[in-house]
Amino acid sequence: MPMEVGKDTSHYDKCRTLMNVHKTRHQKRLFCFSVLTLLNLYLAIALPVKYHLSLIYGKFLQGVTFGLFAFIYSIGLLVLLLFAVPEKPKLLLLAILLIISGVLLEFIHLIAGIPMLILCLSQIPECRQALWIRKQEGYPHFNKRFDEQMRYFGKEYQPDHPLDSVHETKMLDMPEEASPDFTVKPKDEMPEIPDISDNLSVNLKKKGF
């Protein structure tokens, strides 16, 4: 099968390079988010609980409850940031809203929340680039050899004879009469079986027995 003529693949290298850059930057940001999450767990949870230890019993329980909610909030935010790659700008927007809400609710300490917000905002240009990449021909592989394999082997199998009406076909009626090869002859037409004992006695008499 001849290869397609006039297909522009000059953007393949640029798109692959941008995707690798986005992946590397996302991993670095995720590492920074993990460090900031640990810092937030100390600032927003450990310190308040430690402070309430010296207060009355009710204040201590209030501090533990607040710390538990802050812990769940921080871990959930970290998991969301794990999947908030540049190809998914809606998850990034949701992460930004959760960071702002967490700071207002004091689940995220301001010292950890501001760097988190800056890291999220720094990803917005990459989201625009990822949106442009998704519209390019050859996404997401951008590989000439892969395109060639898809042209040769990637099409779904199409049968030469459609089988849509197979269930509507009817089976041929089987004949009710038995096959002539297996027909049993009547009793009066059966040949007589010779008596072996009579022939044996005649032969013995001829030999003098």
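Everything quoted here is computed from the prediction, not taken from an experiment. (Residues numbered from 1 in each chain as written. Predicted model: local features only at pLDDT ≥ 70, side-chain atom pairs only at ≥ 80, totals over all residues. Heavy atoms only, no water.)

(A) Spotlight on the overall build of the protein chain. Counting its secondary structure elements, the protein chain contains seven helices and zero strands. In the protein chain, the succession of α and β elements from N to C terminus is α-α-α-α-α-α-α. Looking at the 209 residues of the protein chain, the share that counts as buried comes to 23%. In the protein chain, of all internal contacts separated by at least 6 residues, the share reaching a separation of at least 24 is 76%. Working note: accessible area of the protein chain is about 16700 Å², and carbon and sulfur atoms make up 65% of it. (Helix = DSSP H or I, 4+ residues; strand = E, 2+ residues; numbered from the N terminus. Buried < 20%, exposed > 50% of the residue type's maximum accessible area, 1.4 Å probe, protein only. Contact = heavy atoms within 4.5 Å. Areas by Shrake-Rupley, 256 points an atom, 1.4 Å probe, with all protein chains shown as cover.)

(B) Structural context of helix α4 (residues 110-121). Given a rise of 1.5 Å per residue, 12 residues ought to cover 16 Å, and the 16 Å separating the end C-alpha atoms of α4 matches this to within 8%. Within the sequence span of α4, burial applies to A112, G113, M116, L119 and C120. Buried residues of α4 fall within an arc of 125 degrees about the axis and therefore sit on the same side. Turned more than 90 degrees away from the buried face of α4 sit I111 and I118, all of them exposed. (Expected span 1.5 Å × (residues − 1). Arc of directions from axis to C-beta.)

(C) Structural context of the pattern of salt bridges. Using the criterion set out here, one finds three salt bridges in the structure. Between R29 and E126 there is a salt bridge, with the nearest N and O atoms lying 2.7 Å from each other. In this pair, R29 sits in helix α1 (residues 12-52) while E126 sits in helix α5 (residues 124-134), placing the two residues 97 residues apart along the sequence. Grouping residues by exposure puts R29 and E126 together as buried. Here the residues in one salt-bridge network are R25, R29 and E126, joined through shared partners. (Salt bridge = Lys/Arg side-chain N within 4 Å of Asp/Glu carboxyl O.)

(D) Local environment of a nonpolar patch on the surface. Together, L68, F71, I72, I75, V79, L82 and F83 line one region of the surface with nonpolar side chains, adding up to about 630 Å² of accessible area. Counting through the fold element by element, F71 comes out in helix α2 (residues 57-83). (Patch = residues over 30% accessible without salt bridge, like charges linked within 9 Å, V, L, I, M, F, W, Y side chains within 5 Å.)

(E) The arrangement of the packing of aromatic side chains in detail. Inspection of every chain in the model, using the stated rule, returns two aromatic pairs. Look at F66 and F107: their rings are 5.4 Å apart centre to centre, the planes differ by 45 degrees, and that puts the pair in the tilted class. Of the two residues, F66 is situated in helix α2 and F107 in the loop between α3 (89-104) and α4; the sequence distance between them amounts to 41 residues. When its relative accessible area of 26% is taken as the criterion, F66 is described as partly exposed. Residue classification places F107 among the buried positions, given a relative accessible area of 16%. Considering the side-chain rings of Y73 and F107, the 5.4 Å spacing of their centres and the 50 degrees angle between planes classify their relative orientation as tilted. Placement of the pair is Y73 in helix α2 and F107 in the loop between α3 and α4, with a sequence separation of 34 residues. With relative accessibility at 18%, the residue Y73 sits in the buried group. (Phe/Tyr/Trp six-rings, centres within 6.5 Å; stacked < 30°, edge-to-face > 60°.)

(F) Local environment of the environment of L36. Position of L36 relative to the elements: it lies in helix α1. Taking the C-alpha atoms as reference, L36 lies 8.1 Å from G113; in sequence the two are 77 residues apart. Discounting chain neighbours no more than four positions away, the residues touching L36 are A112, P115, M116 and L119.

(G) The packing of α3 against α4, seen in detail. As a packed pair, α3 and α4 sit with axes 10 Å apart at the nearest point and diverge in direction by 160 degrees. If you check the angle between α3 and α4, you find them roughly antiparallel. As α3 packs across α4, the resulting crossing turns out to be left-handed. Where α3 approaches α4, its residues L92, I96, I99, I100 and V103 are matched on the opposing element by L110, G113, M116, L117, C120 and L121. Its residues placed into classes, the contact of α3 with α4 shows 10 nonpolar, one polar and no charged. (Axes fitted to C-alpha atoms, helices over the stretch in contact; angles between N-to-C directions. Parallel < 35°, antiparallel > 145°, perpendicular 65-115°, else oblique. Left-handed = near helix turned anticlockwise from the far one by under 90°. Nonpolar A, V, L, I, M, F, W, Y, C, P; charged D, E, K, R; others polar.)

(H) Highlighting unusual backbone geometry. Even without being glycine, E106 reaches a positive phi, approximately 70 degrees. With respect to the helices and strands, the residue E106 is situated in the loop between α3 and α4.

(I) Fine view of the side chain of R29. For R29, a relative accessible area of 7% gives the class buried. Other than its neighbours up to four places away in sequence, R29 contacts L119, S122, Q123 and E126.

The quantities given are spatial measurements derived from coordinates; they are silent on function.
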